[in-house]
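Spelled out from the first residue to the last, the chains are:
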Amino acid sequence: MVALRLRDKLINLFFKMQDQPRPFLFAAIHIFFLLLFFLTTSTVRPAAVDGLAIVLFGILTVFTLFQGVRLAGVLVSLLPLVAGAAYMVLGPVITAWLFWAAAWLKGLFLLYLASRAGSDVVTKKGDIWARTAVNATMMPAGILFGSFVFAKLTELFPSSSTGYPVFILFWGVGYFFINYLFVIFFFALQGKKVVQHFWRNMLRPVLYEAVLVPFAPLIARIYSDLGWDYFLFLMLGLVILAFAFRYLNEIGLNLNRRVMELDSLKKVGQTMSAGLELESVLAAIHTQVSRLMPAHTFYIALFDAVKNEVTFPFAVEGGQRKSIAARQGGNGLVEYVLREKRPLLIPKNVSTTAQTLNLTLLIGEPACWLGVPIMLADDLIGAITVQSYEQSSLYDDWHQDVLMTIATQAAVVIHNAWLYAQTDSELTRRVQELNSILSTIHEGILLVSLDGTVLTTNRIFTEFTGLTDGDLIGRSLFDGDGDSNLLGKIGYELSDWQQDCDAVIRDEKWLTTRITMTGTVTRQVERTLVPVRNNAANITGWLLIFRDITEEIELAKAREETIHMLVHDLRSPLSVTLGSLQTIDAWLEMGRTEDVGRLLDLANTGGQRMLQLLNNLLDSYKFENGDIPLNREPISALLWLTDVKKQFAPAATNAGLTIEVDVEPGLPMIWADKEHMVRVLSNLVDNAVKFTPDGGQIMLWAKWADDEDNPVWVGVSDTGAGIPLEQQSKLFVKFQQNAALRGRRQGTGLGLTYCKLVVEAHNGRIWVESEGIEGKGSTLVMALPAFDESRSRATATLKERVPTR
């Protein structure tokens, strides 16, 4: 546990140094070590120098350094074995300088190769400098530290019988401690994940290098005791061993890579087949490609042949998602793959190759590029590309084959996901259209499956039932009982529902029934049962349409009552007229003429009464349709009110009523159609006479009001029963009558409607003022336009069309 905590603290310390530039950091560390190394070894006089040994061990060192194999991200080789043998032959100082020189020789050679490859990427050269500085520091430091451990052990146990074979193991411990301390430090600067990966896999490289260290004394003894010729044979054996290790490692890597390839391809298939979301499918492809090859810069392009457009629904650059705009008519590397329908691998010199192919680098200038088409039979779907901005020759034919295999697997799934996305988008649009339709129509809609499960409703239906969508969707018609039973709320018993469904299937006709529904209010509803069929004409559900006919029923009832009242009102004056004419005819046969004039007056009054009723009815319809012209002229309010008073004076006297006129002095003339306004005021006064009890009073008045458009207000006030507040909103509705009010005779329900239409045709207003209290009566008020002197240029017979309602 203590060791683990110490390890974590060291790793966290290294992570704090991640932001430092690695080449400069390691150069500084190396220079510091070099100065320390020089100062330390400058005072040490080595033993007699064996030039041949230096040359032979130098050659062996350089060879093993170049013939390393990579394990867990670390380059391992036979260097610890060679270093141990060289230390025992040449001593620590010469061995340390020898390994320092070999490290720099390799580094300079790699820089030379990088320059020859045409790589001008600073990051790559900086990485070579950093690795060279690390190697040139850790190997000499490891040799010196191991030598220090070895020397201390020989001082402590000078007469030990174990000798070199045992002490060399402790030399190896010191060597490996310093080496792997530097390795961890180097990896820590590359990120926590790199260190964690190395820590989990470090046992293999340590064992690989450490297992041969005990043989270092044997190599030293061969050179010292048997001579250089035997040592050459040994060197040849080490070369063969190094090549064998390298060969076996490559076989292991290829085998491991093949296993990973097969595993990733399997996971690609499983992951992509698990869903049809295009984003998830593309992300799964990227994840599995990343397991098989570097894919920090990765693009999936989709090609739309109709638009000739390339889109990039999934793009990653530097390990981060990136958005790339769609393009048309491009001539980049991706377009080349799409156009040629074959893979394109450019391991290096990408810009030169692009120029040779007459292509344009549209997204940066990579050091290495690989792209493969996504084909579904002969149909082009798109392309998958990977690239590196830092390292050339990162991809080879194996990567191309693997990427092509993944693209072949992905073609069907990407195509299906794309179709699913298009279908889903179209379905979403259709659902939105359906919801818009359902929310705007005035009928209630209920869609249920064959088993009675509610699939959808609309707002009107929820109002009809008093339930919410949450109470309805997914619910069965047959669940619950009493008030909670949905089947009962739509006017069905279980047996009735089954009978109606059978009748619709049998007769192949929609079934319409009138029912009563109780929701927020009680409504009379027309319910229609419609079968829902699929393309094969099979019934898959039931659609119920609910139309509110409450108002229709009320209007029909009002129409019937109105017709009855019209007939009744016409029959009375018609009876008087016909009776008067028949009496006159009988009197004339008898030679009686003295009372004929009075009978003619009665017949004329009856005829005028019938004409007024018919005119009110016909003119109401004409005003509604805008078919009556207005003959406007200046009207004196005083004369207008006085004439109407005289007209109703006999009827008022017979009823014991008094009619008064009150006109404000200086009131301007009214700009209106005199004939229609006389009829309007007559209707208002007639209503007042009908509903004012005996001994009551009726006041006709006119006054000036603070109203810019209609400054002349004219009203009829009475002392009748008043109009209840709940009835006032329906007062001017056609055929509406207040059944609670009992007058001297029943009206037709057309008079006030006619008054409202005429006043509004003059751009005026009419309303009622009443507290609905017995004895306080009511007042009907008209706001009318005043005559403007600027209108004097118009004649009194000027005709204006009534605005269409």
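Right above here is the structure, for reference.
Conventions and cut-offs
- Residues numbered from 1 in each chain as written.
- Predicted model: local features only at pLDDT ≥ 70, side-chain atom pairs only at ≥ 80, totals over all residues.
- Heavy atoms only, no water.
- Helix = DSSP H or I, 4+ residues; strand = E, 2+ residues; numbered from the N terminus.
- Buried < 20%, exposed > 50% of the residue type's maximum accessible area, 1.4 Å probe, protein only.
- Contact = heavy atoms within 4.5 Å.
- Areas by Shrake-Rupley, 256 points an atom, 1.4 Å probe, with all protein chains shown as cover.
- Pairing = 2+ DSSP bridges.
- Axes fitted to C-alpha atoms, helices over the stretch in contact; angles between N-to-C directions.
- Core = buried A, V, L, I, M, F, W, Y, C linked by side-chain atoms within 4.5 Å.
- 1 Å grid on protein atoms, 1.4 Å probe; cavity = no way out; pocket = protein on both sides within 12 Å on 5 of 7 lines; lining within 4 Å.
- Points joined across faces, edges and corners; volume = space filled by probe spheres on them.
- Nonpolar A, V, L, I, M, F, W, Y, C, P; charged D, E, K, R; others polar.
- Expected span 1.5 Å × (residues − 1).
- Patch = residues over 30% accessible without salt bridge, like charges linked within 9 Å, V, L, I, M, F, W, Y side chains within 5 Å.
- Salt bridge = Lys/Arg side-chain N within 4 Å of Asp/Glu carboxyl O.
- Bend = angle between axes of the 7 residues up to and from the residue.
- Parallel < 35°, antiparallel > 145°, perpendicular 65-115°, else oblique.
- Left-handed = near helix turned anticlockwise from the far one by under 90°.
- Phe/Tyr/Trp six-rings, centres within 6.5 Å; stacked < 30°, edge-to-face > 60°.

Points about the overall build of the protein chain
And then number 1: Each helix and strand counted, the protein chain has 25 helices and 22 strands in total.
And then number 2: The buried share among the 805 residues of the protein chain stands at 43%.
And then number 3: Excluding contacts between residues fewer than 6 apart, the proportion of contacts in the protein chain whose partners are at least 24 apart in sequence is 66%.
And then number 4: Accessible surface, the protein chain: about 43,000 Å² in total, of which carbon and sulfur atoms supply 58%.

Here we look at the sheet that holds strand E21 (residues 778-784)
Hydrogen bonding along the main chain pairs the strands of a sheet, whether they run parallel or antiparallel.
And then number 1: In space, the five strands of this open sheet follow the order E16-E18-E19-E21-E20, with mixed pairing throughout. Two strands lie at the open edges of the sheet, namely strand E16 (658-663) and strand E20 (765-770), each paired on one side alone. Within this sheet the neighbouring strands show an average axis-to-axis angle of 15 degrees, counted without direction.
And then number 2: Here E20 runs beside E21; their pairing, made up of six bridges, is antiparallel. Among the inter-strand pairings, Trp767 is bridged to a residue of E21, identified as Val781.
And then number 3: On the sheet, helix H22 (residues 637-654) packs against E16, strand E18 (697-704), strand E19 (712-718) and E21 and is oriented at approximately 175 degrees with respect to E16.

Some remarks on the sheet that holds strand E13 (residues 522-533)
And then number 1: Across the sheet, five strands lie side by side as E11-E10-E14-E13-E12; this open sheet has antiparallel pairing. Each having just a single partner strand, strand E11 (454-457) and strand E12 (511-518) make up the two edges of the open sheet. Averaged over all adjacent pairs, the angle separating strand axes in this sheet is 25 degrees, with direction ignored.
And then number 2: For strand E10 (residues 444-449) and E11, the ladder comprises three bridges, and the chain directions are antiparallel. By the bridge assignment for E11, Leu446 is matched with Thr457.

Observations concerning the nonpolar core
And then number 1: By size, the foremost hydrophobic cluster in this structure holds 52 residues, and its most contacted members are Phe57, Met139, Trp171, Tyr175 and Phe231.
And then number 2: For this core, the elements supplying multiple residues, two or more each, are helix H3 (51-66), helix H4 (79-90), helix H5 (92-116), helix H6 (122-156), helix H7 (164-188), helix H10 (216-226) and helix H11 (228-273).
And then number 3: Setting aside its immediate chain neighbours within four residues, Phe231 contacts Leu56, Phe57, Leu60, Ile219, Ile222 and Tyr223.
And then number 4: In terms of nonpolar packing, the next biggest core, distinct from the first, is built from 40 residues, Ala637, Phe732, Leu752 and Val758 among them.

Looking at empty space enclosed by the protein
And then number 1: Applying the stated criterion to the full structure yields two cavities of 30 Å³ or more.
And then number 2: Considered as a void within the structure, the largest cavity measures approximately 110 Å³ in volume.
And then number 3: Forming the walls of the largest cavity are 14 residues, and the residues nearest its centre are Leu333, Leu362, Ile363, Trp369 and Gln387.
And then number 4: Those elements that place two or more of their residues in the lining of the largest cavity are helix H13 (333-340) and strand E9 (379-388).
And then number 5: For the lining of the largest cavity, the per-class residue count stands at eight nonpolar, five polar and one charged.
And then number 6: Empty space within the second largest cavity amounts to approximately 40 Å³.

Overview of H3
And then number 1: Over its 16 residues, H3 runs 23 Å from end to end, which matches the ideal 22 Å to within 8%, given 1.5 Å per residue.
And then number 2: Of all the positions in H3, only Ala53, Leu56, Phe57, Gly58, Leu60, Thr61, Phe63, Thr64 and Leu65 are classed as buried.

Some remarks on a nonpolar patch on the surface
And then number 1: Residues Phe66, Phe109, Leu110, Tyr112 and Leu113 make up a contiguous nonpolar surface patch of about 430 Å² in total accessible area.
And then number 2: Along the chain, Phe66 falls in helix H3.

Concerning H22
And then number 1: Counted at 1.5 Å a residue, the expected span for H22 with its 18 residues is 26 Å, and the 26 Å between its end C-alpha atoms agrees.
And then number 2: The largest bend in H22 amounts to roughly 50 degrees and is located at Phe648, with the proline Pro650 lying one to four residues further along.
And then number 3: Residues of H22 that are buried include every one of Ala637, Trp640, Leu641, Val644, Phe648 and Ala652, and no others.
And then number 4: Looking at the residues trailing H22, positive phi occurs at Gly656, about 75 degrees.

Quick look at the packing of H4 against H10
And then number 1: It is the contact of H4 with H10, at a shortest axis distance of 8 Å, that shows an interaxial angle of 45 degrees. The angle between the axes of H4 and H10 places the two elements in the oblique class. Relative to H10, the crossing made by H4 is right-handed. Packed against H4, whose contacting residues are Leu81, Gly84, Ala85, Met88 and Val89, the element H10 presents Ala216, Pro217, Ile219, Ala220, Tyr223 and Ser224 at the interface.

A word on the packing of aromatic side chains
And then number 1: In total, this model carries 10 aromatic pairs according to the counting rule given.
And then number 2: Seen from their ring centres, Trp97 and Trp100 are 5.5 Å apart, and the 80 degrees between their planes marks the pair as edge-to-face. Pair noted here: Trp97 and Trp100 are both in helix H5, with a separation of three residues, about one helical turn.
And then number 3: When the ring of Tyr299 is compared with that of Phe312, the centres are 6.4 Å apart and the planes differ by 80 degrees; the resulting orientation is edge-to-face. With Tyr299 in strand E3 (residues 297-304) and Phe312 in strand E4 (residues 309-317), this pair connects stretches of sequence that are 13 residues apart.

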